[in-house]
Amino acid sequence: MNLGEVLGDAVELLGTLTRRRQAAGAAREAAAAWAERHPGYGAELVVAERPGSPLVDYDLLLDWPGRGTIAVSVQPDDGLPWLEDHSTHWAAGQLVTVDGADLSLPDALLMLRSLTRPGLDPHAEIVELCLTRNDAAADTEPLSEEELQATADAFRRARGLHDREATLDWLAAMGMDQAAFADHLEVLARQRRLRRRKESELAAGYLAAHPEQFGTARASWVWSLSPWPQDGPLPEPVEVPVSALPQPLRSADRVDAARHEHGFVTGVVHERLPARADEHTLAAAGRAAYTAWLAGRRAAADVRWHWL
Amino acid sequence: MLLILSRRGDTTVDLVLPKLARRGVDSLMWDPGDSGHRLTATVRGSEIGVRLGRTDLAEVSAVWVRRPGRPAGQIWASFLTDVWELLPATWFPCSPSREARADNKLAQLALAARLGLRIPETTVTSDPHELGLAYARANGRLIAKPPSRRAISVDGEEHLYYTTLVSRRHLASRHRLRHEPVTLQPYVEKSVEIRVTVVGERVFPVEIDSQAARTTRVDWRLADSSRVRNSPHDLPADVADRCRELTRELGLAYGAIDLIRTPEGEYVFLELNPNGQWEGHERLAGVPISDAVADWLAAAVRKDTA
């Protein structure tokens with residue numbers, strides 16, 4: 001078969017390939033079979049995936065013996081107008097849409113560092129952060145200098161940005177200018193404000209509805225890697241919030257070598273004291289109430305992940 | 001009374017409503033796409049009677065067309081367009097029938113050039129062979145964009161068309177122009193992009209720092225718009241005057257004009273959107289467009305607009 005015939009066959013092959021990402025595997029198989037039928041040309045199919053589009057482009061590379069490489073490219077007329085062929089999926093730059101508000105990929109990357117809640121999967125936490133971001137966008141009440149400063153301080157502390165130089169280096173690494181950073185801090189400050197207000201608003205009601213979560217207990221316990229002997233010594237009792245007890249002791253007055261996390265817990269609750277609506281307890285109830293409120297909103301939210 | 005035609009939950013309307021209230025403007029909002037049958041209209045000879053619920057639209061002296069939904073059914077859509085034409089009211093930015101004329105991008109370019117604004121050499125074509133010629137004339141720095149807006153769908157998913165630099169590979173799909181024309185222009189080098197919002201006689205130029213990030217250099221809408229810096233721009237008086245005049249000559253009380261400022265400091269007109277969004281630019285650049293819109297509408301209700 002001479003080169004002209006090979007090129008004609010290559011055009012025929014390319015004209016039959018489906019220009020979709022999910023069809024690229026089948027296209028490679030078809031090209032491999034074609035290469036077996038046309039030995040000596042080192043045929044190789046190149047698949048170019050267009051960003052933000054299901055469409056792909058194909059080139060077939062062929063050896064031009066002793067003279068170089070030939071690239072064969074075909075754009076079949078499939079009736080698709082130019083604008084559709086070169087269009088981009090509307091959510092190409094978005095990770096998720098929550099209640100109609102999009103989270104862009106740069107913002108999602110920025111958000112990753114804020115995912116701090118053990119036991120909550122990152123997807124759920126991202127949705128919750130989106131919900132409070134939406135709330136922040138609707139909050140037009142001016143922020144005070146104190147609110148902005150407290151947010152900036154907390155942000156820098158969490159990232160070890162202890163001086164101006166470190167902050168500027170971090171901004172450069174993030175590809176963010178100072179104005180964009182200020183905008184970001186403003187959103188965070190509004191989220192903090194929303195959280196504080198909600199905690200304060202919900203605390204008393206939550207405490208009244210869940211008093212068992214906020215009492216204190218006088219208890220003693222030990223953690224061990226192997227089961228602790230039943231008559232083994234226990235430390236002196238201490239008074240702690242129920243929430244600070246090892247999980248097995250929160251609902252039982254005595255546990256013997258109960259499996260917990262990576263080991264065992266053995267302990268005794270000597271006395272349980274009812275919740276007092278003091279400042280410390282109300283703050284804890286506010287935090288728990290906020291967590292429950294946000295989880296409820298997450299469950300009711302309209303969430304669309306675009307690329308998962 | 002002011003009639004606002006838009007969809008429920010339009011945040012731009014929500015931004016302006018309290019300002020209208022403070023200016024003592026009574027307003028009524030209606031979405032023709034939501035509940036077309038709340039409106040009853042009878043036209044008999046030169047007499048027109050239109051009621052929206054219990055409100056007689058004879059009381060309406062100004063109409064703000066924001067983002068109304070499309071009425072169900074072609075007959076309703078055409079009838080409403082005709083009825084609006086007969087309503088003796090002042091329209092912002094213009095009546096629906098005028099908007100399509102004002103949105104003619106080719107006419108805009110011709111008018112802009114006549115008014116002394118610099119425009120890019122523009123080819124709108126469905127001839128595949130024009131693509132390579134335009135590419136060559138632009139020394140390989142050619143952009144393609146749609147001649148007008150339309151919904152795009154690929155495999156059932158909504159797509160968008162951003163202004164795109166035409167690559168050598170793109171030339172191989174030149175036959176696609178046969179299916180739909182495309183606007184081609186030489187790529188204009190930018191120092192910044194400017195969105196000029198014209199409200200009546202007031203002009204609000206906002207600088208969009210699209211050149212700060214790689215993803216936004218050709219089309220700033222490609223990135224998360226809230227991450228592109230917007231700031232007030234000091235537009236030369238003669239350019240501002242031309243923007244005002246362009247908007248006025250297109251029969252509009254409002255226009256969202258896209259300009260490029262080149263690295264040499266020249267201003268190049270790209271297009272005007274007769275009902276372009278401005279809320280984001282106000283929020284990001286801190287320019288008081290909503291106040292100007294409220295002022296204009298309040299004056300229109302009082303019948304003393306310029």
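Computed from a predicted model, the values in this text were never measured in an experiment. (Residues numbered from 1 in each chain as written. Chains lettered and ligands numbered in written order. Predicted model: local features only at pLDDT ≥ 70, side-chain atom pairs only at ≥ 80, totals over all residues. Heavy atoms only, no water.)

Participant: Residues and numbers for the sheet that holds strand S3 (residues 68-73) of chain A, please.
Facilitator: Residue and element names in this part refer to chain A. A sheet is described by the order of its strands in space; here three strands give the open sequence S1-S2-S3, paired in antiparallel fashion. Edge strands, defined here as strands with exactly one partner in the open sheet, are strand S1 (44-49) and S3. Strand-to-strand twist of the sheet, defined as the mean angle between neighbouring strand axes without regard to direction, takes the value 30 degrees. Examined bridge by bridge, S1 and strand S2 (residues 56-64) share six bridges and lie antiparallel to one another. Across the sheet, Val 46 pairs through a bridge with Asp 59, a residue of S2. Strands in contact with helix H1 (residues 3-16) are S1, S2 and S3; relative to S2, the strand with the most contacts, it is inclined by about 165 degrees. On top of the sheet, helix H2 (residues 24-37) reaches S1 and S2; it is set at about 165 degrees to S1, its chief contact. (Pairing = 2+ DSSP bridges. Helix = DSSP H or I, 4+ residues; strand = E, 2+ residues; numbered from the N terminus. Axes fitted to C-alpha atoms, helices over the stretch in contact; angles between N-to-C directions. Contact = heavy atoms within 4.5 Å.)

Participant: Go over the pairing of strand S17 (residues 254-261) of chain B with me, naming the residues and quoting the values.
Facilitator: Residues and elements named next belong to chain B. Burial runs high along S17: seven of the eight residues are buried. Examined bridge by bridge, strand S14 (residues 192-199) and S17 share eight bridges and lie antiparallel to one another. By the bridge assignment, Ile 194 is partnered in S17 with Leu 259. Here six bridges tie S17 to strand S18 (residues 267-273), and the two strands are oriented antiparallel to one another. Within the sheet, the bridge partner assigned to Ile 260 lies in S18 and is Val 268. (Buried < 20%, exposed > 50% of the residue type's maximum accessible area, 1.4 Å probe, protein only.)

Participant: An account of the packing of aromatic side chains is needed here, citing residue identities and associated values.
Facilitator: The relative placement of two aromatic rings is captured by the distance of their centres and the angle of their planes. Residues and elements named next belong to chain B. Summed over the entire model, instances satisfying the criterion amount to ten aromatic pairs over all chains. Ring geometry for Phe 92 versus Trp 296: centroids 4.9 Å apart, planes at 45 degrees, classification tilted. Remark: Trp 296 occurs in helix H8 (residues 289-301) and Phe 92 occurs in strand S7 (residues 90-92); sequence separation between them is 204 residues. This pair shows no difference in class: Phe 92 is buried, exactly as Trp 296 is. (Phe/Tyr/Trp six-rings, centres within 6.5 Å; stacked < 30°, edge-to-face > 60°.)

Participant: Before we move on, could you go through a nonpolar patch on the surface and cite the residues and values that matter?
Facilitator: Taken together, the side chains of B:Val43, B:Ile48 and B:Leu86 present a nonpolar region at the surface, about 210 Å² in accessible area. Relative to the helices and strands, B:Ile48 resides in strand S4 (residues 47-52). (Patch = residues over 30% accessible without salt bridge, like charges linked within 9 Å, V, L, I, M, F, W, Y side chains within 5 Å. Areas by Shrake-Rupley, 256 points an atom, 1.4 Å probe, with all protein chains shown as cover. Salt bridge = Lys/Arg side-chain N within 4 Å of Asp/Glu carboxyl O.)

Participant: Before we move on, could you go through the domain arrangement of chain A and cite the residues and values that matter?
Facilitator: The domains assigned to chain A are domain 1 (3-85), domain 2 (94-210 + 285-305) and domain 3 (216-273). Using C-alpha coordinates to define each centre, domain 2 of chain A is positioned 35 Å away from domain 3 of chain A. (Domains from an automatic or database assignment.)

Participant: Can you explain the nonpolar core? Please cite residues and give values.
Facilitator: All names here are of chain B. Of all hydrophobic cores here, the largest spans 27 residues; its most connected members are Leu 2, Leu 20, Trp 64, Phe 92, Val 199, Val 293 and Leu 297. Secondary-structure elements contributing two or more residues to this core are strand S1 (2-5), helix H1 (11-22), strand S6 (62-65), strand S15 (202-208), S17 and H8. Both domains that meet at this core, namely domain 1 (2-92) and domain 3 (189-286), each give it at least three residues. Leaving out residues up to four positions away in the same chain, Val 199 has contacts with Phe 92, Phe 204, Ala 253, Tyr 254, Ile 289, Ala 292, Val 293 and Trp 296. Counting 24 residues, the second largest nonpolar core, distinct from the first, contains Ala 112, Val 196, Val 239 and Phe 269. (Core = buried A, V, L, I, M, F, W, Y, C linked by side-chain atoms within 4.5 Å.)

Participant: How would you sum up the sheet that holds strand S8 (residues 238-241) of chain A? Please name residues and give values.
Facilitator: All names here are of chain A. Spatially, the four strands line up as an open sheet ordered S8-S7-S10-S9, and their pairing is antiparallel. What marks the edges here is a single partner per strand, and that holds for S8 and strand S9 (254-260). Between one strand axis and the next, the sheet turns through 45 degrees on average, direction left out of account. Bridging between S9 and strand S10 (residues 263-273) involves five bridges; their strand directions are antiparallel. Looking across to S10, one finds that Val 255 is bridged to Gly 267.

Participant: Tell me about the side chain of A:Asp59, residues and numbers included.
Facilitator: Note that A:Asp59 resides in strand S2. Polar side-chain contacts of A:Asp59 include one of 3.4 Å to the side chain of A:Ser73. With near-sequence residues (within four places) excluded, A:Asp59 lies in contact with A:Glu44, A:Leu45, A:Val46, A:Val72, A:Ser73 and B:Arg169. (Polar contact = N/O pair within 3.5 Å; in protein donor to acceptor, adjacent residues only side chain to side chain.)

Participant: Which residues make up the interface of chain B and chain A, and what values go with them?
Facilitator: In this complex, chain B contributes 32 residues to the contact, which on the side of chain A involves 35 residues. Together chain B and chain A conceal approximately 2900 Å² of surface at their shared face, both sides included; 52% is due to carbon and sulfur atoms. There are six salt bridges connecting chain B and chain A. When the shortest N-O distance is used, the salt bridge between B:Arg169 and A:Asp59 registers 2.3 Å. (Buried area = accessible area lost by both parts, 1.4 Å probe.)

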